[in-house]
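Chain and residue survey
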Amino acid sequence: MNIYLPDIPVCFVGLREHTDRWSRIDEWTATHGYKNVTKFENEKDASLPKYGDVRLKFMEALKSLSSFPSIIFEDDAVPTEWYANEIEVPNESGIVYLGGSQYGTGANPLGMKE
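These numbers come from a predicted model, not from an experiment. (Residues numbered from 1 in each chain as written. Predicted model: local features only at pLDDT ≥ 70, side-chain atom pairs only at ≥ 80, totals over all residues. Heavy atoms only, no water.)

Secondary structure assignment for the protein yields two helices and five strands. When burial is assessed residue by residue, the protein has 27% of its 114 residues classed as buried. For the protein, the proportion of contacts with a sequence separation of at least 24, taken over those separated by at least 6, is 74%. Just so you have it, the protein exposes about 8100 Å², and 53% of that area is on carbon and sulfur atoms. (Helix = DSSP H or I, 4+ residues; strand = E, 2+ residues; numbered from the N terminus. Buried < 20%, exposed > 50% of the residue type's maximum accessible area, 1.4 Å probe, protein only. Contact = heavy atoms within 4.5 Å. Areas by Shrake-Rupley, 256 points an atom, 1.4 Å probe, with all protein chains shown as cover.)

Below, the structure written as structure tokens:
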């Protein structure tokens, strides 16, 4: 199945204070023709565990989706040189992970740029 990403519902989740990230998101979603974008911005809450405030917004984003396929991005998602508006996924896919992370590795095993 081919999915044209700009045509499906897209949610971005992050902290409101990351204004530079939200500006970048506005720019690249407009550049790539995304049509159905919803932002889930949250304030930091010191009473919650680390990242707990953002996790709550992820739950809110998931509950907001009424059609699939759809995407939830974190506010630090950045298109790479390999980004394409259209992706091919197996028909029976339930979830497709787009991206990578060095979080918690303490290294850069894939040679990813900072």
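Read on, since the account is not over.
Below, the discussion takes up unusual backbone geometry. The residue after Phe68, namely Pro69, is reached through a cis peptide bond having omega 10°. Structurally, the position occupied by Pro69 is in the loop between α2 (52-64) and β4 (71-74).

Reading across from one edge, β3-β2-β4 is the order of the three strands in this open sheet, with parallel pairing throughout. At either margin of the open sheet sits one strand with a lone partner, and together these are β3 (37-42) and β4. Here the average twist between neighbouring strands, direction ignored, is 20°. The sheet contact formed by strand β2 (residues 10-15) and β4 spans four bridges and is parallel. Note that in β4 the partner of Cys11 across the bridge is Ile72. Sitting on the sheet, helix α1 (residues 19-31) is in contact with β2, β3 and β4, with an inclination near 165° to β2. (Pairing = 2+ DSSP bridges. Axes fitted to C-alpha atoms, helices over the stretch in contact; angles between N-to-C directions.)

Residue placement: Asn85 occurs in the loop between β4 and β5 (86-88). Residue class for Asn85 comes out buried when judged on its relative accessible area of 18%. A polar contact is formed between the side chain of Asn85 and the backbone oxygen of His32, at a distance of 3.4 Å. Of note is the side chain of Asn85, whose polar atom sits 2.6 Å from the side chain of Tyr83. Beyond its immediate sequence surroundings of up to four residues, Asn85 is in contact with Ile3, Tyr4, Leu5, Pro6, His32 and Tyr34. (Polar contact = N/O pair within 3.5 Å; in protein donor to acceptor, adjacent residues only side chain to side chain.)

Structurally, Asp75 can be placed in the loop between β4 and β5. With a relative accessible area of 5%, Asp75 lands in the buried category. Engagement of the side chain of Asp75 in a polar contact is seen with the side chain of Arg21, the distance being 2.9 Å. Contacts of Asp75, omitting those with residues within four sequence positions, involve Val13, Gly14, Leu15, His18, Arg21, Trp22, Arg24 and Ile25.

For the rest of this paragraph, the subject is the pattern of salt bridges. Counted by the stated rule, this structure contains six salt bridges. Residues Glu43 and Arg16 are paired through a salt bridge, measuring 2.5 Å at the closest nitrogen-oxygen approach. Taken together, the residues Glu43 in the loop between β3 and α2 and Arg16 in the loop between β2 and α1 connect sequence positions 27 residues apart. What makes Arg16 partly exposed here is its relative accessible area of 39%. Two residues, Asp75 and Arg21, come together in a salt bridge whose shortest N-O distance is 2.9 Å. With Asp75 in the loop between β4 and β5 and Arg21 in helix α1, this residue pair connects regions lying 54 residues apart in the sequence. Three or more residues joined by partner-sharing salt bridges are found here, namely Arg16, Glu41 and Glu43. (Salt bridge = Lys/Arg side-chain N within 4 Å of Asp/Glu carboxyl O.)

Interpretation note: all reported values are geometric properties and have no functional meaning in isolation.
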